[in-house]
Structures are given as C-alpha cells and as structure tokens.
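Topology and contacts: notes
Spelled out, the chains give:
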Amino acid sequence: MRKQRQPMSLITYNMLISIFSRRKVLNKVHSLLADMKREGVMPDIITYNSLIDAYCKSDDLLKAVETFDKMLTENVKPNTITFNTLIEAHVRQGDIDGGFMVLEEMRTHV
C-alpha cells in the first residue's frame, strides 16, 4: 500500500520556516515558501515576521524591506514584532534615520 502525502498546515510551514530562518538556511526557507504557495497555503504575519527576521539577521536589509512591501501588497497587516525587527536592523547597520522612518510607518499601521 502506498502512503498518500498529507499537505502541511500553515502552522507546520511557519514552524519550519522559523527554524531554518534562525539557522540562516535561506535556500531552504525559499523552498518552503514556494512549496507553501504551490499548495495554496497563504503566508501570514508569523511567516512574514520569520522571513524579515532572517533577512535582517543575515544583514540583507534590502530583502527584508522588499519582504515587508510584499507582505503589505498581500494584505497581511504588520505588527509590532515586524516593526521592531526592522527598526533594530536599521539601527544595527548605523541607519538611525531609517529606523525613525520605520517608526513613523509603524504609526500608520499599528
């Protein structure tokens, strides 16, 4: 008897994306995100926060901001975790003005 592959849930995808993000295995994160979308599982705030955090910790602030913008276009509302992650990344890279810009944007979304 052959086993049927059961689709993974949003919670399972988020857990895996979070684990690989923390370990900075971004190629696996991208693969999971593609699988997720292919299976019709839509990313949520937890998914996007994990992605943004991974890019920030990998010093890829541009990709983090692109992911934030994509999140907004997909009508996923950012939360304080999203903004705190982006502010911290800007400040860590010495971009204090960028951190303040994110803070101003936060006031329009949260």
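Residues numbered from 1 in each chain as written. Predicted model: local features only at pLDDT ≥ 70, side-chain atom pairs only at ≥ 80, totals over all residues. Heavy atoms only, no water.

A short note on the environment of D69
This is how the line gets drawn: Elements are defined by DSSP. Helices are runs of H or I of four residues or more, strands are runs of E of two residues or more, and each kind is numbered from the N terminus.
In this fold, D69 is placed in helix α4 (residues 61–73). Note: C-alpha distance between D69 and N49 (20 residues apart in sequence) is 12 Å.

Re the packing of aromatic side chains
As a reminder of what qualifies: In this scheme Phe, Tyr and Trp rings, the latter by its six-membered ring, pair at centre separations within 6.5 Å, and the angle between planes marks the pair as stacked below 30 degrees, edge-to-face above 60, and tilted otherwise. Accessibility here uses a 1.4 Å probe with only protein chains present; expressed as a share of the type maximum, an area under 20% marks a residue as buried, one over 50% as exposed, and anything in between as partly exposed.
Tallied over the full model, the rule gives one aromatic pair. An angle of 65° between the planes, with centres 5.6 Å apart, marks the rings of F68 and F83 as edge-to-face. Linking F68 in helix α4 with F83 in helix α5 (residues 80–92), this pair joins segments that are 15 residues apart in sequence. The burial state of F68 is the same as that of F83; both residues are buried.

Overview of the environment of T67
Applicable threshold: The contact definition used throughout considers only heavy atoms, calling two residues in contact when any of these lie within 4.5 Å.
As for its placement among the helices and strands, T67 is situated in helix α4. Taking the C-alpha atoms as reference points, T67 and L32, separated by 35 residues in sequence, lie 15 Å from one another. Once residues within four sequence positions are removed from consideration, T67 is found in contact with Y48, L51, I52 and Y55.

Observations regarding the confidence of the model for the protein
Where the model shows low pLDDT, its predicted coordinates should not be examined in detail. Which entries qualify depends on this criterion: Across the chain, each position has a pLDDT score giving the predictor's confidence in that residue, from 0 to 100.
Residues of the protein with pLDDT of at least 70 account for 95%, and the chain-wide mean is 91. Ranking the elements of the protein by mean pLDDT puts helix α6 (residues 96–109) last, at 91, and α5 first, at 96.

A closer look at helix α3 (residues 45–57)
We count it as follows: In this analysis, the expected span of each helix is defined as 1.5 Å times one less than the number of residues it contains. Within 3.5 Å is the distance limit for a polar contact, defined as a pair of N or O atoms, with the added protein rule that one can donate a hydrogen and the other accept it, and that residues adjacent in sequence qualify only through two side-chain atoms.
Its 13 residues give α3 an end-to-end C-alpha distance of 18 Å, which sits within 8% of 18 Å, the value for a rise of 1.5 Å per residue. Next to the buried residues of α3 lie α1 (10–22), α2 (26–38), α4 and α5. The residue sitting at the N-terminus of α3 and contributing the capping side-chain oxygen is D44; that oxygen lies 3.1 Å from the backbone nitrogen of I46. D59 lies just past α3 and shows a positive phi near 60°.

Considering α6
Condition: Directions are taken from the helix axis to each C-beta atom, and the arc is the one they span.
Relative to the 20 Å expected for 14 residues at 1.5 Å per residue, α6 spans 20 Å between its end C-alpha atoms, a close match to the ideal helical length. Looking at α6, one finds that the buried residues are G98, G99, V102 and M106. In a view along the axis of α6, the buried residues occupy a sector of 100°, so they form one face of it. Counted as exposed and oriented over 90 degrees from the buried face of α6: D97, F100, M101, R107 and T108. On its buried face, α6 sits against α5.

A few points about the environment of F20
By the element assignment, F20 lies in helix α1. Excluding residues within four positions of it along the chain, F20 makes contact with V25, K28, V29 and L32.

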